[in-house]
Number of protein chains: 2
Amino acid sequence: MTRRETRAVTVGGLRLGGEAPILVQSMTNTDTRDAEATLAQIRELAARGAALVRVSVYDQSCAEALRALVDQSPVPLVADIHFDPELAIASIENGVHKLRLNPGNIEKKADIERVVACAKTHGVPIRIGVNSGSLPRDLVERFGLTPAAMVKAALRHVAILERLGFFDIVLSLKASDVPLTVESCRALAKLSPYPQHLGVTEAGIQGMGNVKSAIGIGSLLLDGIGDTLRVSLSGSPLPEPKAGLDILRALGLLRDRLNVVSCPSCGRCTLDVAKIAGRIEAETQGENLPFTVAVMGCAVNGPGEARRADIGVAGGGANAVLFKNGRFVRAVPEERLAEELLAEIRLLSAQNKG
Amino acid sequence: MTRRETRAVTVGGLRLGGEAPILVQSMTNTDTRDAEATLAQIRELAARGAALVRVSVYDQSCAEALRALVDQSPVPLVADIHFDPELAIASIENGVHKLRLNPGNIEKKADIERVVACAKTHGVPIRIGVNSGSLPRDLVERFGLTPAAMVKAALRHVAILERLGFFDIVLSLKASDVPLTVESCRALAKLSPYPQHLGVTEAGIQGMGNVKSAIGIGSLLLDGIGDTLRVSLSGSPLPEPKAGLDILRALGLLRDRLNVVSCPSCGRCTLDVAKIAGRIEAETQGENLPFTVAVMGCAVNGPGEARRADIGVAGGGANAVLFKNGRFVRAVPEERLAEELLAEIRLLSAQNKG
């Protein structure tokens, strides 16, 4: 997994793209004009791991509310704007850190120039967001609903910004269809140096929405594509940050808690693997433990995985066998296994900090 | 998504590979010798969508239990065997439909020949399963824990079978590390025509185990790789079939129930999208409805997605707008939206059957 090189931008002091960590985003679903409710949701999203939060700005009252939101938000904010140059300018003047705006959807050339000049003055990057649900008609007629249409739609907007000497650009190509999302982003990555924001749009509610997002976002990250991402779920956005962080954790791109490797426990299994693994996950929840722990039930793959983990156990006889940093340490009876594993994890953590 | 061409095999009357539908597997975690408990679990896994179930065969009593299991199982069975040629032969003689066996792990050449001859006589395919936890030491020393080591391990076993004129082969390369799994299977697909069984091994318990599996299996399916798959979860295997089927559904590779496209409902949203989408998913659960339904909250991407779906609604004003087969049908007040959508779904289903 070699990460693609992209042209980094700065969003309210936060680096996005280049070699910066991949950022997880979310978006409020409160009425943006209700600054109190919106701020409460922004804080909750930030507490759950969102590094960047987007809010809809659909009228002047929303743009005005941004002043209070920006002042008090613990994370940089993105204004989501469609069509209206005045809302874009008001949002920037009220301190928003990034715009999500498609310049090609602003009617007058002079208006585009004013927005871009304002963004440049304030150091505010612009994300161009192309969505399968709102592709330009001429492109759909010529190319169908294809990666080519998605990419060309994005590059049209890019050309407008580049002609005005504006390069603090982030791009996203989102489709409700997973293969279309992935193929579009791959094609775009070959043509454009700008960071990509990943997501499967209209992915649905929790459950299938998570599966679609994990596949779409995850397979792009495996290709080294993606600098920021959002798992979009219908309903409350509160589950979104964890869903995004879990995708990074699954790929080893975020090592902020235990990575538990545990076997599916077939008929050959001599340990209650799920119980031990579940207890270890539960008792270390939220703790910063960047280690891999293996809980393996039998002697087939057990010793191999247990050796490779920072700490591992493999069942197989009356006692399980405990490994640490690839070396056999001692035999442990099953009933003491969870305790001893947890103790070893704490010890390793203390040693790492010491 | 063009599916890779593979050499199909037959497993107890079921086609695997070639153009056959992608099969979802699972594996029992009961004591195989307890035929009653094992059969109950096989039946439950089959009812939940497993097309093929694997059981551990680690002693002669297991192999003997197979007779009853095979007789009464609603789906073909796979015997999981390590090292022991007598268990392989006994399993085949007791009617098992497929072996999971690495021939290179059987010590004596004459024993390998006996097993292969027996499999050939009975038309039983062999899956070679290479696992990151049990790679041959010489390959790890030479190549490290890399796709090259994984692929070479598989090809060694393949060569043994091919030399004996045996080609009813299925291959799997599973690692607990998602990128290693994906890169290994991609490399293998370039070198070998045999069907691949996909899975991330030792993926952990539900939750992170699902995320790792969705990314690993999903990104290979996006490449057209994979003829059968298993989501391996620690603990009870009962959640495994649905997890596997959901991966196929997310990619449109299985169209057996409603595909609900619904927006993340930002501040711009005028409908309670999650409530409507959730109710439609809940009320159609388990029903064979191979349609896409879009529930969209606003006028930005709403009409586009709603038009593209078989049935779609888009909010935006006092009433939502209902589309069917890409055409505007009528305006519907929000409080009647779920009912009218469900009625249209039933109507479409009746028309499709009629």
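Since we're looking at a predicted model, the values are computed, not measured.

## A short note on the overall build of chain A
Turning to step 1, where the next piece is worked out: A count of helices and strands for chain A gives 12 helices and 15 strands.
Turning to step 2, where the next piece is worked out: Taken along the three principal axes of its C-alpha coordinates, chain A extends 80 × 45 × 35 Å.
Turning to step 3, where the next piece is worked out: Across the 354 residues in chain A, those meeting the buried criterion constitute 60%.
Turning to step 4, where the next piece is worked out: Nonlocal contacts in chain A, meaning residues at least 24 apart in sequence, comprise 65% of its contacts between residues at least 6 apart.
Turning to step 5, where the next piece is worked out: In the form shown here, chain A has an accessible surface area of approximately 13400 Å², with 50% of it arising from carbon and sulfur atoms.
Turning to step 6, where the next piece is worked out: Side-chain charges of chain A comprise 41 positive and 39 negative groups, with the mean position of each set lying 5 Å from the other.

## Some words on the nonpolar core
Turning to step 1, where the next piece is worked out: Counting residues in each nonpolar core, the largest one holds 160 residues, and the members touching the most others are Leu99 of chain A together with Leu99 of chain B.
Turning to step 2, where the next piece is worked out: Filtering out sequence-adjacent residues up to four positions away, Leu99 of chain A remains in contact with Val78, Ala79, Ile81, Ala88, Ser91, Ile92, Val115, Val124, Pro125, Ile126 and Arg127 of chain A.

## Let's talk about the domain arrangement of chain A
Turning to step 1, where the next piece is worked out: Entries for chain A in the domain assignment read domain 1 (8-250) and domain 2 (259-353).
Turning to step 2, where the next piece is worked out: The gap between the C-alpha centroids of domain 1 of chain A and domain 2 of chain A is 40 Å.

## Notes on helix α1 (residues 35-47) of chain B
Residue and element names in this part refer to chain B.
Turning to step 1, where the next piece is worked out: For α1, which comprises 13 residues, the first-to-last C-alpha distance of 18 Å matches the rise-based estimate of 18 Å (1.5 Å per residue) to within 8%.
Turning to step 2, where the next piece is worked out: Of the positions making up α1, those classed as buried are Thr38, Leu39, Gln41, Ile42, Leu45 and Ala46. The buried residues of α1 occupy one face: seen down the axis, they fall within an arc of 160°. Exposed and oriented more than 90 degrees from the buried face of α1 are Glu36 and Ala47.
Turning to step 3, where the next piece is worked out: Against the buried residues of α1 lie β3 (23-27), β4 (52-56), α2 (60-72), β5 (77-80) and α9 (240-250).

## Description of helix α2 (residues 60-72) of chain A
Residues and elements named next belong to chain A.
Turning to step 1, where the next piece is worked out: Bending of α2 peaks at approximately 30° at the position of Leu66.
Turning to step 2, where the next piece is worked out: Here α2 has its buried residues at Cys62, Ala63, Ala65, Leu66, Leu69 and Val70.
Turning to step 3, where the next piece is worked out: A side-chain oxygen of the first residue of α2 lies 3.1 Å from the backbone nitrogen of Ser61; this N-cap is Asp59.

## Quick word on the sheet that holds β4 of chain B
Residues and elements named next belong to chain B.
Turning to step 1, where the next piece is worked out: Pairing within the open sheet is parallel, and its 8 strands lie in the order β8-β7-β6-β5-β4-β3-β10-β9. Here the strands that pair on one side only, and so sit at the sheet edges, are β8 (169-174) and β9 (197-198).
Turning to step 2, where the next piece is worked out: Bridge count for strand β6 (residues 98-100) against strand β7 (residues 126-131) is 2 bridges, and the pairing is parallel. Bridged to Arg100 within β7 is Arg127.
Turning to step 3, where the next piece is worked out: Docked against the sheet, α9 engages β3 and β10 (228-229), running at close to 160° with respect to β3.

## Focus on the pattern of salt bridges
Pairs can form between side chains of opposite charge once their charged atoms are near each other.
Residues and elements named next belong to chain A.
Turning to step 1, where the next piece is worked out: Across all of its chains, the model carries 48 salt bridges over all chains by this definition.
Turning to step 2, where the next piece is worked out: Here Arg114 makes a salt bridge to Glu86, at a shortest N to O gap of 2.7 Å. Residue Arg114 is located in helix α4 (residues 109-122), and its partner Glu86 is located in helix α3 (residues 85-93); the two are separated by 28 residues in the primary sequence.
Turning to step 3, where the next piece is worked out: Residue classification places Arg114 among the partly exposed positions, given a relative accessible area of 37%.
Turning to step 4, where the next piece is worked out: One salt bridge in this structure joins Glu113 and Lys109, with 3.8 Å as the shortest N-O distance. Taken together, the residues Glu113 and Lys109, both in helix α4 and 4 residues apart, mark about one turn of the helix.
Turning to step 5, where the next piece is worked out: Accessibility expressed as a relative area gives 35% for Glu113, which makes it partly exposed.
Turning to step 6, where the next piece is worked out: Overlapping salt bridges, with partners in common, bring together Lys324, Arg330, Arg336, Glu340 and Glu344 in one network.

## Re the interface of chain B and chain A
You'll often see interface size given as the accessible area lost when the parts meet.
Turning to step 1, where the next piece is worked out: Counting residues at the interface gives 67 residues for chain B, matched by 67 residues for chain A.
Turning to step 2, where the next piece is worked out: In total, about 5200 Å² of surface goes out of reach between chain B and chain A, with carbon and sulfur atoms giving 58% of it.
Turning to step 3, where the next piece is worked out: Across the chain B-chain A interface, the total number found is 2 salt bridges.
Turning to step 4, where the next piece is worked out: Taking the shortest distance from any N to any O, the salt bridge between Asp223 of chain A and Arg186 of chain B comes out at 3.9 Å.
Turning to step 5, where the next piece is worked out: Across the contact surface, chain B and chain A share 18 residue pairs in polar contact (both at pLDDT 80 or more).
Turning to step 6, where the next piece is worked out: Only α7 (178-191), α8 (208-222), α9, β11 (259-262), α10 (273-283) and α11 (302-308) of chain B provide two or more residues apiece to the side of chain B that touches chain A.
Turning to step 7, where the next piece is worked out: Of the residues forming the side of chain B that touches chain A, the biggest block, 8 residues, is contributed by α8 of chain B.
Turning to step 8, where the next piece is worked out: Here the residues of the side of chain B that touches chain A sort into 30 nonpolar, 23 polar and 14 charged.

## Some details on the relation of the copies chain B and chain A
Turning to step 1, where the next piece is worked out: Take chain B, turn it by 180°, move it 0.0 Å along the axis, and it overlays chain A with an RMSD of 0.0 Å. What we have between these two chains is a two-fold relation.
Turning to step 2, where the next piece is worked out: Comparing interface residues between copies, 100% of those in chain B also sit at the interface in chain A, which points to an isologous, same-surface contact.

## Looking at the packing of α1 of chain B against α2 of chain B
Residue and element names in this part refer to chain B.
Turning to step 1, where the next piece is worked out: It is at 10 Å that the axes of α1 and α2 come closest, and there the two elements cross at 35°. Between α1 and α2 lies a crossing of right-handed hand. Two secondary-structure elements touch here, α1 through Ala35, Thr38, Leu39, Ile42 and Arg43 and α2 through Ala65, Ala68, Leu69 and Gln72.
Turning to step 2, where the next piece is worked out: Residue composition of the contact of α1 with α2, grouped by class: 6 nonpolar, 2 polar and 1 charged.

## Focus: the layout of surface pockets
Turning to step 1, where the next piece is worked out: Space inside the second largest pocket adds up to approximately 730 Å³.
Turning to step 2, where the next piece is worked out: If you trace the second largest pocket, you find 37 residues lining it, with Arg249, Leu258, Asn259 and Val260 of chain A together with Lys212 of chain B closest to the centre.
Turning to step 3, where the next piece is worked out: The set of elements that each furnish at least two residues to the lining of the second largest pocket consists of α9 (240-250), β11 (259-262), α10 (273-283) and α11 (302-308) of chain A together with α7 and α8 of chain B.
Turning to step 4, where the next piece is worked out: Looking at which element gives the most residues to the lining of the second largest pocket, the answer is α9 of chain A, with 4 residues.
Turning to step 5, where the next piece is worked out: Taken together, the residues of the lining of the second largest pocket sort by class into 16 nonpolar, 10 polar and 11 charged.

Rules behind the numbers
Residues numbered from 1 in each chain as written. Chains lettered and ligands numbered in written order. Predicted model: local features only at pLDDT ≥ 70, side-chain atom pairs only at ≥ 80, totals over all residues. Heavy atoms only, no water. Helix = DSSP H or I, 4+ residues; strand = E, 2+ residues; numbered from the N terminus. Buried < 20%, exposed > 50% of the residue type's maximum accessible area, 1.4 Å probe, protein only. Contact = heavy atoms within 4.5 Å. Areas by Shrake-Rupley, 256 points an atom, 1.4 Å probe, with all protein chains shown as cover. Lys, Arg positive; Asp, Glu negative; His and termini not counted. Charge placed at Lys NZ, Arg CZ, Asp CG, Glu CD. Core = buried A, V, L, I, M, F, W, Y, C linked by side-chain atoms within 4.5 Å. Domains from an automatic or database assignment. Expected span 1.5 Å × (residues − 1). Arc of directions from axis to C-beta. Bend = angle between axes of the 7 residues up to and from the residue. Polar contact = N/O pair within 3.5 Å; in protein donor to acceptor, adjacent residues only side chain to side chain. Pairing = 2+ DSSP bridges. Axes fitted to C-alpha atoms, helices over the stretch in contact; angles between N-to-C directions. Salt bridge = Lys/Arg side-chain N within 4 Å of Asp/Glu carboxyl O. Buried area = accessible area lost by both parts, 1.4 Å probe. Nonpolar A, V, L, I, M, F, W, Y, C, P; charged D, E, K, R; others polar. Least-squares fit on C-alpha atoms with pLDDT ≥ 70 in both. Left-handed = near helix turned anticlockwise from the far one by under 90°. 1 Å grid on protein atoms, 1.4 Å probe; cavity = no way out; pocket = protein on both sides within 12 Å on 5 of 7 lines; lining within 4 Å. Points joined across faces, edges and corners; volume = space filled by probe spheres on them.

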